[in-house]
Amino acid sequence: MEKKIIILLEVLFVVGALGFYMVKELIPEYRDSHGSSDSFLNAKHYHNMVEWNVDDAVHFSTVFNSDQKIIHIFFFSKTSTCLYNQNIEGNALEDGIKKIVQILIQQDYLKDDTTVFLTRYGDSSYDSYLESVKKCFKEYDLSSFIMEKENTIAELSEELHLAPSTNDKNILRNIDFYSKEFVRAYKNEQRENESVEDFPESTARHYANTVYKMLEKKMVEENITNSVKADVLSSIKIDTEEEYLYYLTQNSWYYVLEGKIYAFIEFDDSYEIVSFCYLGSVDQAREGQCP
């Protein structure tokens, strides 16, 4: 019994060490590889937000902090992704709003006869925000009609048919997940339009081998000769030399038997899924499911 407990503790240690290694070594530049609109909202910096609905064509919301800087954009429509990764976030209200207006004009969404609904989610800094919008419209000779509304994030969550919650942090998180779906769809469409080449088998095998060799290293260092079947930490993002990220899926697993590692390593790049089965060594690997 004690031996089984020791083996289980060793496996848990290996899995934990594996997770630390992958986060530290495989994706050290993960955050840096993201654009200005890719991060998730840090709710503790939320001060207020103003939602835009431009002629029911472009629908999004800008979140700003107590320093009156735009820190996040929620996308509520496909067309709103024209603002994606345009370095709007991080700007003071006036500068960020000016960028938004410029882009909407360039995309022909904002014109003289446009009706813009601005919805505030609190009074904090709203007057400054509205003044910046009016100033920008005047600068670009826009006579667009501005309508003002008021709402709460709980009511917005209900309008978006999201899971109900009484916790503002959870509500903002759910809204962010909803927004990220438009971003994901936009990225996939961009890839298809650009005729991106499928995930090459040689590239996929290289990343799978990297993960497998890491498991081998840990097995030797921890003197593990046998272990129970364990997940290979699903949803780990693999940073690459390419623009896109690859993920280990929840189907991935491994175990050690008589000093040999048997593993199923499956990648998902949000475009296709590629998998490899390792039967005791890196040289005994084949593409596809394990038998």
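Residues numbered from 1 in each chain as written. Predicted model: local features only at pLDDT ≥ 70, side-chain atom pairs only at ≥ 80, totals over all residues. Heavy atoms only, no water.

So, the pairing of strand β4 (residues 115-120)
(1) Moving on: In this structure, strand β1 (residues 48-54) lies alongside β4, joined through five bridges in antiparallel fashion. Considered in β4, the bridge of N53 is made with F117.
(2) Moving on: Pairing analysis gives six bridges linking β4 to strand β5 (residues 145-150), with the strands arranged parallel. The partner of R120 across the bridge, within β5, is E150. (Pairing = 2+ DSSP bridges. Helix = DSSP H or I, 4+ residues; strand = E, 2+ residues; numbered from the N terminus.)

As for a negative patch on the surface
(1) Moving on: A surface patch of like charges, here negative, comprises D55, D56, D112, D113 and D141.
(2) Moving on: As for its position among the elements, D55 is in the loop between β1 and β2 (58-64).
(3) Moving on: For D55, a relative accessible area of 39% translates into the label partly exposed. (Patch = residues over 30% accessible without salt bridge, like charges linked within 9 Å, V, L, I, M, F, W, Y side chains within 5 Å. Areas by Shrake-Rupley, 256 points an atom, 1.4 Å probe, with all protein chains shown as cover. Salt bridge = Lys/Arg side-chain N within 4 Å of Asp/Glu carboxyl O. Lys, Arg positive; Asp, Glu negative; His and termini not counted. Charge placed at Lys NZ, Arg CZ, Asp CG, Glu CD. Buried < 20%, exposed > 50% of the residue type's maximum accessible area, 1.4 Å probe, protein only.)

Focus on the nonpolar core
(1) Moving on: Core analysis: the largest hydrophobic core is formed by 31 residues, its most contacted members being W52, L83, L104 and L118.
(2) Moving on: Contributions of two or more residues to this core are made by β1, β2, β3 (70-75), α2 (93-106), β4 and α3 (126-139).
(3) Moving on: With near-sequence residues (within four places) excluded, L83 lies in contact with S37, F60, I73, F75, I88, I100, I103 and L104.
(4) Moving on: Of all hydrophobic cores here, the second largest spans 21 residues; its members include M214, Y254, V256 and I261. (Core = buried A, V, L, I, M, F, W, Y, C linked by side-chain atoms within 4.5 Å. Contact = heavy atoms within 4.5 Å.)

Some remarks on unusual backbone geometry
(1) Moving on: Notably, D55 is not glycine yet its phi reads approximately 55 degrees, a positive angle.
(2) Moving on: Residue D108 is not a glycine yet carries a positive backbone phi of 65 degrees.
(3) Moving on: With respect to the helices and strands, D108 occurs in the loop between α2 and β4.
(4) Moving on: Residue D108 is classed as partly exposed on the basis of its relative accessible area of 48%.

Quick look at the pairing of strand β11 (residues 273-280)
(1) Moving on: Buried residues dominate β11, accounting for six of its eight residues.
(2) Moving on: Of the strand pairs in this sheet, strand β10 (residues 260-268) and β11 are connected by eight bridges, and their pairing is antiparallel. Its bridge partner being in β11, F267 is matched across the sheet by V274.
(3) Moving on: By the bridge criterion, three bridges tie β11 to strand β12 (residues 285-287) in an arrangement that is antiparallel.

Some details on the layout of surface pockets
(1) Moving on: Within this model, the second largest pocket holds a volume of roughly 150 Å³.
(2) Moving on: Forming the walls of the second largest pocket are F40, L41, A43, K169, L172, R173, D176 and F177. (1 Å grid on protein atoms, 1.4 Å probe; cavity = no way out; pocket = protein on both sides within 12 Å on 5 of 7 lines; lining within 4 Å. Points joined across faces, edges and corners; volume = space filled by probe spheres on them.)

Brief notes about the packing of aromatic side chains
(1) Moving on: Under the criterion given, the structure shown has 12 aromatic pairs.
(2) Moving on: Ring centres 6.5 Å apart and planes at 65 degrees place the aromatic pair F75 and Y84 in the edge-to-face group.
(3) Moving on: Of the residues examined, F75 reaches a relative accessible area of 1% and is grouped as buried.
(4) Moving on: Between F76 and Y178 the ring centres are 6.4 Å apart and the planes differ by 50 degrees, which places this aromatic pair in the tilted class. Here the residue F76 occupies a position in the loop between β3 and α2, and Y178 occupies one in helix α5 (residues 168-193), the gap between them amounting to 102 residues. (Phe/Tyr/Trp six-rings, centres within 6.5 Å; stacked < 30°, edge-to-face > 60°.)

Function-wise, these values are silent; they only describe arrangement.
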